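Letter by letter, the chains look like this.
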Amino acid sequence: MRPMHHIISTKEYTREMLDEILDLAEKLEPIAGKKIKSEIMDGKILALLFFEPSTRTRMSFEAAMLRLGGKTLNMGSVEASSIAKGETLSDTIRVISQYADAVILRHPREGAALMASECSSIPVINGGDGAGHHPTQTLLDLYTIRRESRLDNLSIALVGDLKYGRTIHSLCYALSRYNAKINLVSPPELRLPDRIVEDLRMRDIDVNITNNIEDVIEDIDVLYMTRIQRERFPDPAEFNSISDSLRVTCDLIQNAKPNLKIMHPLPRVNEIAPELDATPHAAYFKQAFYGVPVRMAILCKVLGMEDKI
Ligand code: CP
(Lines give C-alpha, C1' and ligand atoms only; values in the text may rest on other atoms or scores of the structure.)
Protein backbone atom coordinates (compact mmCIF):
# COMPACT_ATOMS: atom_id res chain seq x y z
CA MET A 1 0.00 0.00 0.00
CA ARG A 2 1.18 3.55 -0.73
CA PRO A 3 1.68 5.87 2.26
CA MET A 4 -0.62 8.93 2.33
CA HIS A 5 1.02 11.84 4.03
CA HIS A 6 -1.70 14.48 4.37
CA ILE A 7 -5.49 14.05 3.92
CA ILE A 8 -6.72 17.37 2.51
CA SER A 9 -9.36 16.49 -0.11
CA THR A 10 -10.64 13.33 -1.78
CA LYS A 11 -11.13 15.16 -5.09
CA GLU A 12 -8.19 13.52 -6.82
CA TYR A 13 -8.46 10.12 -5.11
CA THR A 14 -8.80 7.20 -7.47
CA ARG A 15 -11.20 4.39 -6.79
CA GLU A 16 -8.25 2.20 -5.82
CA MET A 17 -7.15 4.71 -3.16
CA LEU A 18 -10.67 5.01 -1.76
CA ASP A 19 -11.17 1.22 -1.70
CA GLU A 20 -7.85 0.72 0.12
CA ILE A 21 -9.07 2.87 3.02
CA LEU A 22 -12.53 1.25 3.07
CA ASP A 23 -10.96 -2.24 3.11
CA LEU A 24 -8.71 -1.20 5.98
CA ALA A 25 -11.71 0.19 7.89
CA GLU A 26 -13.50 -3.12 7.50
CA LYS A 27 -10.55 -4.93 9.11
CA LEU A 28 -10.54 -2.41 11.97
CA GLU A 29 -14.29 -2.46 12.64
CA PRO A 30 -14.07 -5.19 15.35
CA ILE A 31 -11.65 -2.95 17.30
CA ALA A 32 -13.98 0.06 16.91
CA GLY A 33 -16.87 -2.18 18.03
CA LYS A 34 -14.98 -3.12 21.24
CA LYS A 35 -14.72 -6.82 20.25
CA ILE A 36 -10.91 -6.87 19.96
CA LYS A 37 -8.25 -4.79 21.74
CA SER A 38 -5.33 -3.21 19.92
CA GLU A 39 -2.12 -1.45 20.86
CA ILE A 40 -0.82 -0.72 17.35
CA MET A 41 -0.67 3.03 18.02
CA ASP A 42 1.22 2.61 21.28
CA GLY A 43 3.57 5.60 21.62
CA LYS A 44 1.79 7.69 18.95
CA ILE A 45 0.07 11.02 19.65
CA LEU A 46 -2.68 12.68 17.63
CA ALA A 47 -3.13 16.46 18.11
CA LEU A 48 -6.67 17.86 17.91
CA LEU A 49 -6.96 21.44 16.61
CA PHE A 50 -10.55 22.57 16.34
CA PHE A 51 -11.22 26.23 15.54
CA GLU A 52 -14.94 25.44 15.04
CA PRO A 53 -17.39 23.34 17.07
CA SER A 54 -17.46 19.58 16.52
CA THR A 55 -18.80 16.51 18.26
CA ARG A 56 -18.41 13.60 15.82
CA THR A 57 -15.19 14.47 14.00
CA ARG A 58 -13.30 15.37 17.15
CA MET A 59 -14.60 12.57 19.36
CA SER A 60 -14.51 9.79 16.76
CA PHE A 61 -10.88 10.62 15.92
CA GLU A 62 -10.13 10.60 19.63
CA ALA A 63 -11.99 7.28 20.10
CA ALA A 64 -10.13 5.83 17.09
CA MET A 65 -6.73 6.80 18.50
CA LEU A 66 -7.49 5.63 22.05
CA ARG A 67 -8.92 2.27 20.94
CA LEU A 68 -5.75 1.67 18.89
CA GLY A 69 -3.64 2.24 22.00
CA GLY A 70 -2.46 5.76 21.09
CA LYS A 71 -2.94 9.08 22.87
CA THR A 72 -4.45 12.46 21.98
CA LEU A 73 -3.39 16.02 22.70
CA ASN A 74 -6.21 18.55 22.53
CA MET A 75 -5.45 22.25 22.00
CA GLY A 76 -8.83 22.99 23.60
CA SER A 77 -10.77 26.13 22.82
CA VAL A 78 -9.26 28.90 20.71
CA GLU A 79 -9.86 31.31 23.63
CA ALA A 80 -7.71 29.16 25.94
CA SER A 81 -4.80 28.91 23.47
CA SER A 82 -2.17 31.41 22.29
CA ILE A 83 -4.22 31.98 19.13
CA ALA A 84 -6.19 34.37 21.37
CA LYS A 85 -2.94 36.37 21.68
CA GLY A 86 -2.61 36.58 17.88
CA GLU A 87 -0.49 33.52 17.07
CA THR A 88 -0.88 32.48 13.43
CA LEU A 89 -2.11 29.11 12.23
CA SER A 90 1.23 28.40 10.54
CA ASP A 91 3.20 29.08 13.75
CA THR A 92 0.74 26.97 15.75
CA ILE A 93 1.16 24.07 13.32
CA ARG A 94 4.97 24.36 13.35
CA VAL A 95 4.96 24.09 17.14
CA ILE A 96 2.44 21.26 17.36
CA SER A 97 4.46 19.31 14.76
CA GLN A 98 7.08 18.96 17.50
CA TYR A 99 4.63 17.59 20.08
CA ALA A 100 2.54 15.08 18.12
CA ASP A 101 2.77 12.51 15.28
CA ALA A 102 -0.28 13.70 13.31
CA VAL A 103 -2.79 16.54 13.56
CA ILE A 104 -6.50 16.81 12.77
CA LEU A 105 -7.50 20.38 11.92
CA ARG A 106 -10.96 21.96 11.61
CA HIS A 107 -10.91 25.59 10.54
CA PRO A 108 -13.52 28.10 9.26
CA ARG A 109 -11.31 29.21 6.35
CA GLU A 110 -11.39 27.30 3.05
CA GLY A 111 -7.84 26.20 2.20
CA ALA A 112 -6.63 26.28 5.83
CA ALA A 113 -5.76 22.56 5.90
CA LEU A 114 -3.76 22.81 2.67
CA MET A 115 -1.87 25.81 4.02
CA ALA A 116 -1.22 23.96 7.31
CA SER A 117 0.10 20.92 5.41
CA GLU A 118 2.66 23.16 3.67
CA CYS A 119 4.27 24.19 6.96
CA SER A 120 3.83 20.95 8.91
CA SER A 121 6.44 18.24 9.42
CA ILE A 122 3.73 15.75 10.50
CA PRO A 123 0.64 14.54 8.59
CA VAL A 124 -2.27 17.02 8.55
CA ILE A 125 -5.80 15.63 8.31
CA ASN A 126 -8.49 18.05 7.16
CA GLY A 127 -11.43 17.86 9.59
CA GLY A 128 -13.40 20.44 7.57
CA ASP A 129 -12.19 23.75 6.10
CA GLY A 130 -14.92 26.36 5.73
CA ALA A 131 -17.10 25.61 2.71
CA GLY A 132 -14.21 23.61 1.20
CA HIS A 133 -13.86 19.89 1.95
CA HIS A 134 -14.47 17.33 4.68
CA PRO A 135 -12.61 14.29 3.32
CA THR A 136 -12.82 12.05 6.39
CA GLN A 137 -16.61 12.53 6.44
CA THR A 138 -16.67 11.48 2.79
CA LEU A 139 -14.71 8.33 3.53
CA LEU A 140 -17.07 7.36 6.33
CA ASP A 141 -20.04 8.15 4.08
CA LEU A 142 -18.67 5.83 1.40
CA TYR A 143 -18.08 3.16 4.02
CA THR A 144 -21.65 3.53 5.29
CA ILE A 145 -23.03 3.22 1.76
CA ARG A 146 -20.87 0.14 1.14
CA ARG A 147 -21.99 -1.50 4.42
CA GLU A 148 -25.67 -0.51 4.34
CA SER A 149 -26.48 -0.28 0.61
CA ARG A 150 -24.18 -0.66 -2.44
CA LEU A 151 -21.53 1.62 -3.89
CA ASP A 152 -21.55 0.56 -7.53
CA ASN A 153 -24.20 2.15 -9.78
CA LEU A 154 -25.87 3.75 -6.81
CA SER A 155 -28.69 6.26 -7.24
CA ILE A 156 -28.40 8.88 -4.50
CA ALA A 157 -30.17 12.14 -3.65
CA LEU A 158 -28.06 14.83 -1.97
CA VAL A 159 -30.46 17.19 -0.21
CA GLY A 160 -30.18 20.58 1.50
CA ASP A 161 -27.50 23.24 1.45
CA LEU A 162 -25.47 22.04 -1.54
CA LYS A 163 -23.84 25.44 -2.05
CA TYR A 164 -21.96 25.75 1.23
CA GLY A 165 -22.02 22.10 2.38
CA ARG A 166 -18.39 20.92 2.42
CA THR A 167 -19.57 17.36 3.14
CA ILE A 168 -21.53 17.40 -0.12
CA HIS A 169 -18.66 18.84 -2.16
CA SER A 170 -16.27 16.10 -1.06
CA LEU A 171 -18.86 13.33 -1.44
CA CYS A 172 -19.77 14.27 -5.03
CA TYR A 173 -16.20 13.82 -6.23
CA ALA A 174 -15.79 10.49 -4.43
CA LEU A 175 -19.13 9.13 -5.73
CA SER A 176 -18.05 9.94 -9.26
CA ARG A 177 -15.45 7.14 -8.89
CA TYR A 178 -18.29 4.62 -8.44
CA ASN A 179 -20.43 5.73 -11.40
CA ALA A 180 -23.23 6.94 -9.11
CA LYS A 181 -26.32 8.71 -10.44
CA ILE A 182 -26.40 11.94 -8.42
CA ASN A 183 -29.69 13.77 -7.81
CA LEU A 184 -29.13 17.27 -6.42
CA VAL A 185 -32.12 18.49 -4.39
CA SER A 186 -32.03 22.05 -3.08
CA PRO A 187 -33.70 25.44 -3.38
CA PRO A 188 -32.27 27.43 -6.32
CA GLU A 189 -30.28 29.72 -3.98
CA LEU A 190 -28.46 26.74 -2.42
CA ARG A 191 -27.58 24.83 -5.61
CA LEU A 192 -24.28 22.96 -5.94
CA PRO A 193 -21.65 25.36 -7.42
CA ASP A 194 -21.56 25.17 -11.24
CA ARG A 195 -17.87 24.29 -11.26
CA ILE A 196 -18.56 21.07 -9.32
CA VAL A 197 -21.53 20.15 -11.55
CA GLU A 198 -19.29 20.69 -14.59
CA ASP A 199 -16.52 18.55 -13.04
CA LEU A 200 -19.02 15.74 -12.44
CA ARG A 201 -20.36 15.91 -15.99
CA MET A 202 -16.77 15.90 -17.31
CA ARG A 203 -16.41 12.61 -15.42
CA ASP A 204 -19.51 11.28 -17.29
CA ILE A 205 -21.66 11.30 -14.17
CA ASP A 206 -25.45 11.44 -14.58
CA VAL A 207 -26.44 14.59 -12.62
CA ASN A 208 -30.09 15.51 -12.11
CA ILE A 209 -31.06 18.86 -10.50
CA THR A 210 -34.42 19.47 -8.82
CA ASN A 211 -36.08 21.43 -5.98
CA ASN A 212 -38.19 18.55 -4.61
CA ILE A 213 -37.39 15.24 -2.93
CA GLU A 214 -40.73 13.88 -4.27
CA ASP A 215 -39.33 14.05 -7.83
CA VAL A 216 -36.67 11.44 -7.06
CA ILE A 217 -37.83 9.45 -4.01
CA GLU A 218 -39.01 6.40 -5.99
CA ASP A 219 -35.70 5.97 -7.84
CA ILE A 220 -33.03 6.34 -5.18
CA ASP A 221 -31.11 3.87 -3.01
CA VAL A 222 -29.77 6.51 -0.58
CA LEU A 223 -31.32 9.76 0.61
CA TYR A 224 -28.49 11.92 1.96
CA MET A 225 -29.93 14.79 4.01
CA THR A 226 -28.00 17.86 5.20
CA ARG A 227 -28.84 20.80 7.42
CA ILE A 228 -30.03 24.04 5.89
CA GLN A 229 -28.34 26.88 7.70
CA ARG A 230 -30.91 29.33 9.05
CA GLU A 231 -28.34 32.11 9.28
CA ARG A 232 -28.06 32.29 5.48
CA PHE A 233 -31.66 33.52 5.13
CA PRO A 234 -32.39 37.17 5.97
CA ASP A 235 -36.15 36.42 5.86
CA PRO A 236 -37.22 33.77 8.47
CA ALA A 237 -40.44 33.04 6.49
CA GLU A 238 -38.39 32.07 3.45
CA PHE A 239 -36.20 29.79 5.60
CA ASN A 240 -39.28 28.11 7.12
CA SER A 241 -40.87 27.37 3.74
CA ILE A 242 -37.62 25.92 2.35
CA SER A 243 -36.74 23.85 5.41
CA ASP A 244 -40.28 22.36 5.51
CA SER A 245 -40.10 21.44 1.83
CA LEU A 246 -36.81 19.60 2.37
CA ARG A 247 -37.89 17.51 5.35
CA VAL A 248 -38.12 13.72 5.22
CA THR A 249 -41.08 12.07 6.96
CA CYS A 250 -42.71 8.60 6.95
CA ASP A 251 -45.30 9.94 4.47
CA LEU A 252 -42.62 11.15 2.08
CA ILE A 253 -40.93 7.75 1.82
CA GLN A 254 -44.13 5.72 1.31
CA ASN A 255 -43.27 5.16 -2.36
CA ALA A 256 -39.53 4.71 -1.80
CA LYS A 257 -37.61 1.49 -2.44
CA PRO A 258 -38.03 -0.89 0.55
CA ASN A 259 -34.28 -0.88 1.19
CA LEU A 260 -33.87 2.91 0.96
CA LYS A 261 -31.25 4.17 3.41
CA ILE A 262 -31.41 7.65 4.91
CA MET A 263 -28.07 9.23 5.81
CA HIS A 264 -27.09 12.54 7.42
CA PRO A 265 -23.62 13.72 8.54
CA LEU A 266 -25.34 15.17 11.65
CA PRO A 267 -26.08 17.32 13.54
CA ARG A 268 -29.66 17.40 12.28
CA VAL A 269 -32.15 20.12 13.16
CA ASN A 270 -35.55 19.19 11.69
CA GLU A 271 -34.62 17.69 8.30
CA ILE A 272 -35.45 14.14 9.44
CA ALA A 273 -38.63 13.40 11.39
CA PRO A 274 -37.71 11.54 14.63
CA GLU A 275 -40.32 8.83 13.88
CA LEU A 276 -37.94 7.57 11.17
CA ASP A 277 -35.21 6.81 13.73
CA ALA A 278 -36.64 3.40 14.61
CA THR A 279 -37.18 2.30 10.99
CA PRO A 280 -34.72 0.17 8.96
CA HIS A 281 -34.28 3.20 6.67
CA ALA A 282 -32.39 5.20 9.32
CA ALA A 283 -28.63 4.79 8.77
CA TYR A 284 -27.47 8.09 10.31
CA PHE A 285 -26.51 6.81 13.76
CA LYS A 286 -24.68 3.80 12.30
CA GLN A 287 -22.97 6.31 9.99
CA ALA A 288 -21.69 8.16 13.09
CA PHE A 289 -20.32 4.86 14.47
CA TYR A 290 -18.63 4.01 11.16
CA GLY A 291 -16.62 7.19 11.66
CA VAL A 292 -14.51 5.30 14.20
CA PRO A 293 -13.19 2.42 12.00
CA VAL A 294 -12.79 4.76 9.04
CA ARG A 295 -10.80 7.26 11.08
CA MET A 296 -8.73 4.37 12.49
CA ALA A 297 -7.94 3.42 8.88
CA ILE A 298 -6.99 7.01 8.05
CA LEU A 299 -4.66 7.19 11.07
CA CYS A 300 -3.06 3.88 10.07
CA LYS A 301 -2.52 5.20 6.54
CA VAL A 302 -0.95 8.51 7.50
CA LEU A 303 1.20 6.98 10.25
CA GLY A 304 2.32 4.05 8.08
CA MET A 305 0.78 1.40 10.35
CA GLU A 306 -1.46 -0.46 7.90
CA ASP A 307 0.92 -3.41 7.57
CA LYS A 308 0.66 -4.01 11.35
CA ILE A 309 -3.10 -4.75 11.21
N1 CP B 1 -20.46 15.39 10.69
C2 CP B 1 -19.66 16.25 11.39
O3 CP B 1 -18.67 16.77 10.87
O4 CP B 1 -20.07 16.43 12.68
P5 CP B 1 -19.34 17.38 13.73
O6 CP B 1 -19.50 18.81 13.23
O7 CP B 1 -20.06 17.14 15.03
O8 CP B 1 -17.89 17.01 13.78
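Provided above is the structure to which this section pertains.
All of these numbers come straight from a predicted model, not from anything done at the bench.

Reading the values: rules and limits
Residues numbered from 1 in each chain as written. Predicted model: local features only at pLDDT ≥ 70, side-chain atom pairs only at ≥ 80, totals over all residues. Heavy atoms only, no water. Phe/Tyr/Trp six-rings, centres within 6.5 Å; stacked < 30°, edge-to-face > 60°. Buried < 20%, exposed > 50% of the residue type's maximum accessible area, 1.4 Å probe, protein only. Near = heavy atom within 4 Å. Polar contact = N/O pair within 3.5 Å; in protein donor to acceptor, adjacent residues only side chain to side chain. Nonpolar A, V, L, I, M, F, W, Y, C, P; charged D, E, K, R; others polar. Pairing = 2+ DSSP bridges. Helix = DSSP H or I, 4+ residues; strand = E, 2+ residues; numbered from the N terminus. Axes fitted to C-alpha atoms, helices over the stretch in contact; angles between N-to-C directions. Contact = heavy atoms within 4.5 Å.

Chemist: Explain the packing of aromatic side chains residue by residue, including any values.
Modeler: Inspection of the entire model under this criterion finds three aromatic pairs. Between the aromatic rings of phenylalanine 289 and tyrosine 290, the centroid separation amounts to 5.8 Å while the plane-to-plane angle is 55 degrees, which identifies the pairing as tilted. Residue class for phenylalanine 289 comes out partly exposed when judged on its relative accessible area of 31%. The exposure class of tyrosine 290 is buried, given its relative accessible area of 4%. One aromatic cluster is present, formed by Tyr143, Phe289 and Tyr290 through successive ring pairs.

Chemist: I'd like a description of the site of the ligand, backed by residues and values.
Modeler: Inspection of the region around the ligand gives Ser54, Thr55, Arg56, Thr57, Arg106, His134, Gln137, Pro265 and Leu266 as its neighbouring residues. One nitrogen or oxygen atom from the side chain of threonine 57 is found 2.7 Å from an oxygen atom belonging to the ligand. Of the residues that constitute the shell around the ligand, the class distribution is two nonpolar, five polar and two charged.

Chemist: Go over the sheet that holds strand E4 (residues 124–129) with me, naming the residues and quoting the values.
Modeler: Judged by pairing direction, the sheet is parallel, and its four strands sit side by side in the order E2-E1-E3-E4 without closing on themselves. Two strands in the sheet have a free side with no partner beyond their single neighbour: strand E2 (71–74) and E4. The sheet shows a mean angle of 20 degrees between the axes of neighbouring strands, taken without regard to direction. Here helix H2 (residues 56–67) sits on the sheet and contacts strand E1 (45–50), E2, strand E3 (102–107) and E4; the angle it forms with E1, its principal contact strand, is near 175 degrees.

Distances and angles like these do not, on their own, reveal function.
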